Amino acid sequence: AQEAALNELPQFTTVIDDQLIHFAHVRSSRADAVPLLLLHGYPSSFAEFAGIVGSLVEPAEGPAFHVIAPSLPGFGFSTPLSSPGWTMGRTARAFVELMRRLGYERYGVHGGDIGAGVAGMVAGNDEAHVMGVHIVTDPMTAASTATFIPGMADRLDDGDPIDTLILERMDAFTSDGSGYLAIQQTRPQTIGYALADSPVFQLAWIAEKFHDWTDVGIDRDLLLTHASIYWFNRAGGGAAHVLYDQAHSADWGAPAHVPHGFSVFGTDETVRKLVPAPEDAFWVEHEQGQHFPAMEVPGQVTRDIQAFFGGLG
């Protein structure tokens, strides 16, 4: 049933920079539809967006979109990796080329987690064609990301209650929550063998994060669909190598001078201090949802995307 549902989305593959790239491409019937590149994060897949494609492509009201939802290289059906070095910057350049091949002159980009980083780099590499970037995040993702920013802890005041909460979360991630990342950033091949050998191991590797990083229940079949996409494509090792390559890369791209939008889920006061949002950025906060909002609160994500890109004209 899950396979049949995914196969309702038109899907294609192409080769860019010697890498097989898989993507769903669903066009709207609306003449005014805006092309929109949707970029998933970790440990996710293009299926993260299956539940919002219909409401974006043929909405009952508001702006419509042509949806392009690729599998990041090393993830999902964009496997196996053709070579080392698939950092976020290289992935961004591949997706710029993908949009060029599809003939889109002006398009928007949406992403979360790794997809957020890639989205910003797509805009930095293709400012002439990217109309705006919409990012989703949450307090825990913002705090864990802050642990990789040099000097961030030194800039926070442990006498300030908000900064204290940030520091506590950064410390918790470093000491207790980053084990999955540490092994993938240092020994991707070792973990890759285990993830390719045991479906139970692959399921546990993903299910732990779905449990820890959500506050709205995700359908069990949807969880199993993500795990199955990783398992049948042996993508666990590919994803680990991507994380390894990014951890050893100095390529963080150039700032993107395009309109930015931010949707914060499970919000609190810490995110404003951690996310480098331009003063004029679109900013909206939601009480529910966390790391996977397109699966947790799909209607809200759809409305935010419409509000942001619809406001760009």
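Residues numbered from 1 in each chain as written. Predicted model: local features only at pLDDT ≥ 70, side-chain atom pairs only at ≥ 80, totals over all residues. Heavy atoms only, no water.

1. Points about unusual backbone geometry
Inference 1: At the junction of Y42 and P43, the peptide bond is cis and its omega measures out at -10 degrees in the coordinates.
Inference 2: T79 connects to P80 through a cis peptide bond whose omega is -5 degrees.
Inference 3: With respect to the helices and strands, the residue P80 is situated in the loop between strand 4 (65-70) and helix 3 (88-101).
Inference 4: You will see that D17, though not glycine, has its phi angle at about 55 degrees, which is positive.
Inference 5: Among the structural elements, D17 can be located in the loop between strand 1 (11-16) and strand 2 (19-26).
Inference 6: By relative accessible area, D17 is classed as partly exposed at 41%.
Inference 7: We note that R234 has phi near 50 degrees; this positive angle belongs to a residue other than glycine.
Inference 8: Residue R234 is classed as partly exposed on the basis of its relative accessible area, which comes to 42%. (Helix = DSSP H or I, 4+ residues; strand = E, 2+ residues; numbered from the N terminus. Buried < 20%, exposed > 50% of the residue type's maximum accessible area, 1.4 Å probe, protein only.)

2. Quick notes on helix 4 (residues 114-125)
Inference 1: For helix 4, spanning 12 residues, the distance from its first C-alpha to its last is 17 Å, which sits close to the expected 16 Å at 1.5 Å a residue.
Inference 2: Of the positions making up helix 4, those classed as buried are I114, G115, A116, V118, A119, M121, V122 and A123.
Inference 3: Among the structural elements, strand 3 (34-39), helix 3, strand 5 (107-112), strand 6 (130-137) and helix 11 (235-247) are those in contact with the buried residues of helix 4. (Expected span 1.5 Å × (residues − 1). Contact = heavy atoms within 4.5 Å.)

3. Considering the pattern of salt bridges
Inference 1: Tallied over the entire structure, the rule returns eight salt bridges.
Inference 2: In this structure, D32 and R30 form a salt bridge, with 2.9 Å as the shortest nitrogen-oxygen distance.
Inference 3: Between R101 and E97 there is a salt bridge, with its nearest N and O atoms 2.9 Å apart. Here the residue R101 and the residue E97 both occupy positions in helix 3, the gap between them amounting to four residues, near one helical turn.
Inference 4: Take R101: its relative accessible area is 40%, and that puts it in the partly exposed class.
Inference 5: It is possible to trace a salt-bridge network through shared partners that takes in E97, R100 and R101. (Salt bridge = Lys/Arg side-chain N within 4 Å of Asp/Glu carboxyl O.)

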